[in-house]
Amino acid sequence: MSESNTVVAVSGLRKEFVVYKKTGRLKREKTVVAAVDGVDLRIERGEMLGYIGPNGAGKSTTLKMLTGILTPSAGEVRVCGLEPVPRRIALTRRIGVVFGQRSVLWWDLPLRESFDLLRHVFRVPADEHAARLRRCREMLDLDEFADTPVRQLSLGQRMRGELTAALLHGPEILFLDEPTIGLDVVSKQAVRSFLAETARRGDTTIVLTTHDLADIERLCKRLVVIDHGHVVHDGTLDALHHRYGSRRQVVVDLEDPWSGDLDLGGAVGEIDGEDPRRVTFSLTNGASTAGELVARLATTVGLRDVSIVEPDIEDVIARLYATAR
Amino acid sequence: MGAALARAGFRRYSTYRQATLAGLSTNIVFGMLRMYVLVAAGAAAGGVMAGYTVPQLGTYIWVGQGLLATILMWGWTELSDRVRSGDVVADLLRPVNPVWTYLATDLGRAGHAALIRLLVPVLFGALFFPFYWPREPLSYPLFGVSLVLAVLLCFACRYLVNLTAFWLLDIRGVVSLWMAAAGVLSGLYFPLAFLPGWLAAILQYGTPFPSLMQFPTDVAVERGGLAGQLERIGVQVAWTAVMYAVVFYVQRRAMRKLVIQGG
Ligand SMILES: Nc1ncnc2c1ncn2[C@@H]1O[C@H](COP(=O)(O)OP(=O)(O)OP(=O)(O)O)[C@@H](O)[C@H]1O
Ligand SMILES: [Mg+2]
């Protein structure tokens, strides 16, 4: 194994929180909550990974441990080859972090000055800093509000500033905890394109948590789903669809009402709705392709219209969250 | 890095003009009230109280009023607020110990305060009240040194008070304790020389508080001559070293039990 290509290596990661519940006038009951409960994870250089899960699943807690600001209760963690908590200061130069609800910018300074201070704090050579800042300014349209104090920025503007701040020291890996939370469609698009472009350049690894599944569809090849502190899926979005049997569907409008007795190579037609001429076929893996199905239909029954419906990501995620419970 | 942060700290306060003006007028009004009380008391005592002449008391009061804002003895809870809200992550995601980043910013703030909040009350007092200007030219740089030490020391004390937020989350109790102790024991309300000698000695050597106010003002009024000035500065240096050692130690402990709030 070459250490240089594994950016994150996690095994048996746990975090327990002690919560006190009031049970009487003076009595408090102590309970231990495992927010992260045995997570194993390996992330290679250049990957773009979606780390998702329902509210309270343990995503933020995991990211805090990976970035060195929370001590794990148990387990092994290496990020860029370093143990995050003891090597926090060294690690900060090699990672970039955006916590959607938090700001790393100086509240009462304009963005421009925050960026300049970060250059000093991280001791980034002026030319590298300028080059990175130029790219962010262009892609994220920072110039309009670069002179406004951070406290007066809108959420979307601030988030663009945060992304820039996270990248100015040239991190190897970017941890983003809900970077699109609360943004409008246009800002979300801007952030997504920016991240996609950052990933395309190749050497920045990105780990992203989000509740916006469009982020995932647009950005993440690999999906790690966590629930109650456990990893319940680790693979591509396609693998997830496969696992939950969500399929592409072919919806056809026929000349005549559907009788349902044709052999269509494993595809089963269903009429949903009033119209007996509108039939929905689910394509099982291994059975006929959409092309074959349509060709067969065209030769056997009259075909008026065809549309192909991709599996719904919300649907499959909802199913996953429901079964994991 | 330090210089850039200090500049930012300076600018940050220079943008709050109204707050500066309001603080300044409060300081001057309270300075005048203290002046009337102490001068009356001084006159009743025949012109000299515990070794302070009335002009020396004037300097003591006006320098003290200015120091209060320059060392920022009260009202700094930025770090604990950030611990409570979880925003402290931003401080921990930088490749520098937060003590240094906060200190650098605070030095910028103190520079701004020294120019306005210290200089103006002193000039005001010198203009309208009995005022003792140091006789020896050396006293001016010595006062500068003593002032810087007071700023450094006060920052360490405030930072320590704020660090308790890692354990307590609500630090209002600690802050009240600090405010009361610092107010009375630093010599802000009255020169510690008014106290019985043994008590004053315990406070001056055994606690950091007099190093915050009493000593810089004593250096300014040349109490005890050069030897007295150097002795006070020596005690300030010692307490500053001790307090920073404590701050770094406590912060290391805090990091171990750190729980970042919110997600
Ligand atoms: N400081 C804390 N003290 C006690 N429990 C905590 C603390 N922080 C988190 N938890 C608990 O740990 C669990 C995981 O929280 P975490 O913030 O990691 O969830 P998340 O996956 O980020 O959720 P969301 O999608 O809502 O942001 C939750 O049940 C939460 O209540
Ligand atoms: Mg979260």
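Here the structure is a predicted model, which is why all the values come from computation and not from measurement.

What counts and what doesn't
Residues numbered from 1 in each chain as written. Chains lettered and ligands numbered in written order. Predicted model: local features only at pLDDT ≥ 70, side-chain atom pairs only at ≥ 80, totals over all residues. Heavy atoms only, no water. Helix = DSSP H or I, 4+ residues; strand = E, 2+ residues; numbered from the N terminus. Buried < 20%, exposed > 50% of the residue type's maximum accessible area, 1.4 Å probe, protein only. Contact = heavy atoms within 4.5 Å. Areas by Shrake-Rupley, 256 points an atom, 1.4 Å probe, with all protein chains shown as cover. Lys, Arg positive; Asp, Glu negative; His and termini not counted. Charge placed at Lys NZ, Arg CZ, Asp CG, Glu CD. Near = heavy atom within 4 Å. Polar contact = N/O pair within 3.5 Å; in protein donor to acceptor, adjacent residues only side chain to side chain. Nonpolar A, V, L, I, M, F, W, Y, C, P; charged D, E, K, R; others polar. Buried area = accessible area lost by both parts, 1.4 Å probe. Salt bridge = Lys/Arg side-chain N within 4 Å of Asp/Glu carboxyl O. UniProt positions renumbered as here; feature names shortened; annotations may be inferred. Axes fitted to C-alpha atoms, helices over the stretch in contact; angles between N-to-C directions. Parallel < 35°, antiparallel > 145°, perpendicular 65-115°, else oblique. Left-handed = near helix turned anticlockwise from the far one by under 90°. Patch = residues over 30% accessible without salt bridge, like charges linked within 9 Å, V, L, I, M, F, W, Y side chains within 5 Å. Pairing = 2+ DSSP bridges. Right-handed = clockwise from strand over helix to strand, strands pointing away. pLDDT = per-residue confidence, 0-100. Core = buried A, V, L, I, M, F, W, Y, C linked by side-chain atoms within 4.5 Å.

Asks: How should I be thinking about the overall build of chain A in this particular structure?
Replies: When its secondary structure is counted, chain A shows ten helices and 13 strands. The dimensions of chain A, computed from C-alpha atoms along their principal axes, are 75 × 55 × 50 Å. For chain A, buried positions account for 48% of its 325 residues. Long-range pairs, those at least 24 residues apart, make up 70% of the contacts in chain A with a sequence separation of at least 6. For chain A, the exposed surface amounts to about 15,400 Å²; the carbon and sulfur share of it is 47%. On chain A, the mean spot of the 44 positive side-chain charges and the mean spot of the 47 negative ones are 10 Å from each other.

Asks: Would you mind going over the site of ligand 1 with me for this structure?
Replies: Taken together, 14 residues sit near ligand 1, with Gly 56, Lys 59, Ser 60, Thr 61 and His 211 of chain A positioned nearest. Two or more chains meet at ligand 1, and those chains are chains A and B. One of the side-chain nitrogen or oxygen atoms of Thr 61 of chain A is found 2.5 Å away from an oxygen atom of ligand 1. Glu 178 of chain A places a side-chain nitrogen or oxygen 3.3 Å from an oxygen atom of ligand 1. For the shell around ligand 1, the element with the highest residue contribution is helix 1 (residues 59–66) of chain A, accounting for three residues. Across the shell around ligand 1, the residue classes tally to five nonpolar, seven polar and two charged.

Asks: What's the story with the interface of chain A and chain B in this structure? I'm lost.
Replies: Interfaces are frequently sized by the accessible area removed from exposure as the parts join. Between chain A and chain B, the contact holds 29 residues from the first and 27 residues from the second. Looking only at chain A, the three residues that lose the most surface to chain B are Ile 69, Arg 102 and Val 121 of chain A, adding up to 24% of its buried area. When the shortest N-O distance is used, the salt bridge between Asp 87 of chain B and Arg 102 of chain A registers 3.4 Å. For the pair chain A and chain B, the number of links is eight residue pairs in polar contact (both at pLDDT 80 or more). Going through the elements one at a time, helix 1, helix 2 (88–92), strand 5 (95–99) and helix 3 (111–122) of chain A are the ones with two or more residues in the side of chain A that touches chain B. Residue contributions to the side of chain A that touches chain B peak at six residues, all from helix 3 of chain A. Residues that form the side of chain A that touches chain B fall into these classes: 13 nonpolar, seven polar and nine charged.

Asks: What is the right way to look at the UniProt feature "transmembrane region" (unreviewed entry) in chain B in this model?
Replies: As recorded in UniProt, the sites labelled "transmembrane region" (unreviewed entry) are residues 21–45, 57–76, 114–133, 139–161, 173–203 and 233–250 of chain B. What you have in residues 21–45 of chain B is 96% helix and 0% strand, and the ends, taken at the C-alpha atoms, are 36 Å apart.

Asks: Looking at this structure, I do not really get the packing of helix 2 (residues 17–44) of chain B against helix 3 (residues 54–72) of chain B. What am I missing?
Replies: For any two helices packed against each other, one specifies the inter-axial angle together with the distance between the axes. Residues and elements named next belong to chain B. Running from N to C, helix 2 and helix 3 cross one another at 155°; their axes reach a closest spacing of 10 Å. By the angle between their axes, helix 2 is roughly antiparallel relative to helix 3. Here helix 2 runs over helix 3; the crossing is right-handed. Contact residues: Asn 27, Ile 28, Phe 30, Gly 31, Met 32, Arg 34, Met 35, Leu 38, Val 39 and Gly 42 in helix 2; Val 54, Leu 57, Gly 58, Tyr 60, Ile 61, Trp 62, Gln 65 and Ala 69 in helix 3. Among the residues making up the contact of helix 2 with helix 3, the classes are represented as twelve nonpolar, five polar and one charged.

Asks: In this structure, what is going on with a nonpolar patch on the surface? I would like to understand it.
Replies: Residues and elements named next belong to chain B. A grouping of Phe 10, Leu 115, Leu 119, Val 120, Leu 123, Trp 133 and Tyr 140 is seen on the molecular surface, where their side chains present a nonpolar patch of about 650 Å² in accessible area. Per element, the largest residue contribution to the nonpolar patch is four residues, and it comes from helix 6 (residues 98–128). Topologically, Leu 119 is positioned in helix 6. Note on Leu 119: relative accessible area 44%, which makes it partly exposed.

Asks: Sorry, what's going on with the pairing of strand 7 (residues 205–209) of chain A here?
Replies: Regular strands have side chains that alternate between both faces of the sheet. Residue and element names in this part refer to chain A. Within strand 7, five of the five residues are buried, which leaves it mostly tucked inside the rest of the structure. The alternating pattern of strand 7 places Thr 205, Val 207 and Thr 209 on one face and Ile 206 and Leu 208 on the opposite face, and all of these are buried. Where strand 3 (residues 48–52) and strand 7 come together, three bridges link them in parallel fashion. In the strand pairing of strand 7, Leu 49 is matched with Val 207. Handedness of the crossover joining strand 6 (residues 173–177) and strand 7 through helix 6 (residues 185–200) is recorded here as right-handed.

Asks: In this structure, what is going on with the confidence of the model for chain B? I would like to understand it.
Replies: Close reading of the predicted structure is inappropriate where its pLDDT is low. On average, residues of chain B carry a pLDDT of 90, and 98% of them reach 70 or more. For this predicted complex, the interface confidence comes out at an ipTM of 0.80, alongside a pTM of 0.84.

Asks: I keep staring at the nonpolar core and nothing clicks. Help me out?
Replies: Side chains that are nonpolar tend, in soluble globular proteins, to be buried together. By size, the foremost hydrophobic cluster in this structure holds 100 residues, and its most contacted members are Val 79 of chain A together with Met 73 of chain B. With 15 residues, helix 7 (residues 139–163) of chain B is the largest single contributor of residues to this core. Residues within four places of Val 79 of chain A in sequence aside, it is in contact with Val 7, Val 8, Leu 66, Pro 84, Leu 91, Ile 95, Ile 173 and Phe 175 of chain A. Residues Met 48, Leu 109 and Leu 140 of chain A together with Leu 5 of chain B belong to the second largest nonpolar core, which totals 58 residues.

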